[in-house]
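Observations on the model geometry
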Amino acid sequence: MSTRALRRLKGKQRGQEALDLGDLTLGDTPEEQAEAEEEQLDTANVSPSNKKSDGRKAKKSKAQKNFSNIYELIGSTDIEGEKISADEEAEKPNRNKTSDPAKNDNRDTDKLDQKHEEESAKPPGDRVKKKKKKKKTKVTSEDGQEAAADDNIDLLLENLEQSNGLSLQNDDSGVSDRRPVLHVEHRPRQRNRQFHRSTWMTSPKDSWPRFSRPGISMTLLETKDGVHYFTFEHSREYQQVQFKFLDAVESMDPNNIVALLQLNPYHIDSLLQLSDVCRIQEDQEMARDLIERALYSFECAFHPLFSLTSGTSRLDYLRPENRAFYLALYKHMMFLEKRGCPRTALEYCKLILSLDPDSDPLCMLLLIDFLALRSREYQSVLQLYQDWEEHRNLSQLPNFAFSTALCHFHLSQQENMDPEESHKQRHKADQLLQIALIMFPAVLMPLLDLCTVQPDAAVTSHSFFGPNSQIRQLPALAELTGLYVGRTCTLWREAAVMLWLEETVKEVLRRVDAKDPVVEDCQNKRKQRYQSAPRNIHRHVLLSEIKEATSTLPLEVTTQPVMGFDPLPPLDSVISYTRPERPRVGASNESALSLFFRSLLPNFNIQDPPRQEDDMEVARAGQELNQEVNRLMVAMRDMLANIRFQEPPREDNPYRDDDEWD
């Protein structure tokens, strides 16, 4: 083997340490060894100017023979140390032909052949110079796409997701195929602070405390049918902070939460709870900033396979560690919607729904249509309705019953639509709105009231849309209709939409008076369904804070405490760790009243457990107190019964003293 070939194998051109290869030939054939020896002799007898070109020719002829050398299977190295694939020049015409079939003609082939002939006719020195000017090596994927070897980390992550069966949406791709319903679109954000980690949901701010790992991590539980199931986990240190947070919440003092955040600035539940406090105090900027800080902390803990856009990553809401991520996304989404960013809020809504589309713990199906309508994404609402109606019965939700009709109406009003297609869309909108009004008649009057529209006398006096329609509806249905009316009333205030609604209401009244069988069928469906609302709908109503809906919540929801960091937790939660019982001084099963009476005894000591004789004395004292209280109540009743108020003197009383009332 030649000295040059041996030096190439040892890696001296790349600054690597020499390897003691000994007599290892690495598969060189006898002919190649003889050729190498001849090359060595020729090199010793030729001048330095010819040595370089002859060595290049020998190496080229060796590369063209075979690839018995295992390192040559990876790629050959030219004299400048630039790595070039052995089949690159041969594959270039094929790649150009297959990458764009529309341009695969004879002229392109002739140009490529002519180019190769010109390059072969040039002296070897010219070809080497041309190689020097060539750009950096391209990495060719299996599907024929090329990516620069020195591209940024975002492109590498995109390739990784594509290799895992995932896909990211490219804004300039122009792909016309039908995307999944829960496909989330994200756009690159400008990053001003290059020393921070690249994040998609939020950008870190200079005013934030220095970030350090708070003790949250994400674990991949399993992968099934191409879907990845993840969960967040809390370290032992984070669990201790969580226990302190629960103590601060029980103290009912927000200052304790502030003090906890000063020591742990990225504790999730503290950020969520304090954000609610700031929002109640109308400090919207601080409330939004705390939510963004929580999202940044979550995103820094993501698993490498966790994808925000593919719709194949799942988080179980039954685990308390995952709920905070749901709530942070929801609160951030609502801040975006209030700031006039419904398109971005829609993507966050799809993201929340994709985390658990079967259970839908925050019931995002009651909100996604509203955000899509505000974003003018009418086709996405219709696509979701078409794909999910069969297994989710979306038509039984008032929001989808009215929103699908509204989408068809807006599509019919587009100027660039064909007149015949516009007529079909309008006819479809009329039919869907009629069915929606027949199925949910209690929506009309509150909707007109919030739109400040005075209905016609024929509508208000009719029994179908009158007050009886609202009185007769079940509580669960009243919760859904109140939520829809309070949230989407702004979508119906347009003049064209209100005129269309007026015409449709008249047609519905005509069908009701004509005893249309559809009316009776919808009435029977209302009686059979909507007996009780599931827990996720109650949770959604509480988070929405829409007074038209919160006023219809049942007593079992309104009478229990609701925490902002975990509203209405699932009854079958999966608990990974429990809060230890706090040692309380003098803790016992006795009541506060019993403890009070025992404290009146001369031998009372709070550290001592209650004795039997003490219990007897306490019971006797309690009986005496009860008797005294009863006697006091009887005396007060007698006193109130015997009180007589003196009537003021009349004006015609001649004996009235003028100074009596002065």
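Just so it is clear, the model here is predicted, and its values are computed rather than measured.

**Here's the deal with the overall build of the chain**
Secondary structure summary: the chain contains 28 helices and seven strands in total. A buried classification covers 38% of the 662 residues belonging to the chain. By sequence separation, contacts in the chain at least 24 residues apart represent 67% of the contacts at least 6 residues apart. When the accessible surface of the chain is summed, it comes to about 40,600 Å², and 50% of that surface belongs to carbon and sulfur atoms.

**What to know about the side chain of Arg526**
If you trace the backbone, Arg526 turns up in helix H23 (residues 517-528). In this structure the side chain of Arg526 is engaged in a polar contact, spanning 3.0 Å, whose partner is the backbone oxygen of Ile438. Once residues within four sequence positions are removed from consideration, Arg526 is found in contact with Ile438, Met439, Pro441, Leu474 and Leu477.

**Thoughts on unusual backbone geometry**
We note that Met252 has phi near 60°; this positive angle belongs to a residue other than glycine. By the secondary structure assignment, Met252 is in the loop between helix H8 (236-250) and helix H9 (254-263).

**What about the environment of His234?**
Mapped onto the elements, His234 comes out in strand S6 (residues 227-234). Apart from the residues within four sequence positions on either side, His234 is in contact with Gly215, Ile216, Gln239, Glu321 and Tyr577. At 2.7 Å, the side chain of His234 forms a polar contact with the side chain of Tyr577.

**Description of the nonpolar core**
Counting residues in hydrophobic clusters, the biggest one holds 127 residues, and the most contacted among them are Phe325, Met333, Trp492 and Leu501. By residue number, the principal contributor to this core is helix H12 (residues 320-338), which donates eleven residues. In this view, Phe325 contacts Met201, Phe232, Leu295, Phe298, Phe302, Phe306, Leu315 and Leu355; residues no more than four positions away in its chain are not counted.

**Describing the pattern of salt bridges**
Enumeration over the complete set of coordinates arrives at 19 salt bridges. Ionic contacts of the salt-bridge type, sharing partners, join the residues Asp276, Arg279, Lys331 and Glu545 into one network.

**Comments concerning helix H15 (residues 378-392)**
Count 3.6 residues to each turn of an α-helix, and residues three or four apart come out pointing the same way. Its 15 residues give H15 an end-to-end C-alpha distance of 20 Å, which sits within 8% of 21 Å, the value for a rise of 1.5 Å per residue. The axis of H15 is deflected most strongly, by about 30°, at Gln386. Along H15, the residues classified as buried are Tyr378, Val381, Leu382, Gln383, Leu384 and Trp388. Looking one or two residues beyond H15, the residue adopting positive phi is Asn393, at roughly 50°.

**Let's talk about the confidence of the model for the chain**
Considering every residue of the chain, the mean pLDDT works out to 74; 59% of them sit at 70 or more. Per-residue pLDDT stays below 50 along residues 41-53; that stretch engages in four contacts with residues further than four places along the chain or on separate chains. Contacts for the low-pLDDT stretch residues 190-195, under 50 throughout, to residues beyond four places or in other chains number seven contacts.

Scoring rules and cut-offs
Residues numbered from 1 in each chain as written. Predicted model: local features only at pLDDT ≥ 70, side-chain atom pairs only at ≥ 80, totals over all residues. Heavy atoms only, no water. Helix = DSSP H or I, 4+ residues; strand = E, 2+ residues; numbered from the N terminus. Buried < 20%, exposed > 50% of the residue type's maximum accessible area, 1.4 Å probe, protein only. Contact = heavy atoms within 4.5 Å. Areas by Shrake-Rupley, 256 points an atom, 1.4 Å probe, with all protein chains shown as cover. Polar contact = N/O pair within 3.5 Å; in protein donor to acceptor, adjacent residues only side chain to side chain. Core = buried A, V, L, I, M, F, W, Y, C linked by side-chain atoms within 4.5 Å. Salt bridge = Lys/Arg side-chain N within 4 Å of Asp/Glu carboxyl O. Expected span 1.5 Å × (residues − 1). Bend = angle between axes of the 7 residues up to and from the residue. pLDDT = per-residue confidence, 0-100.

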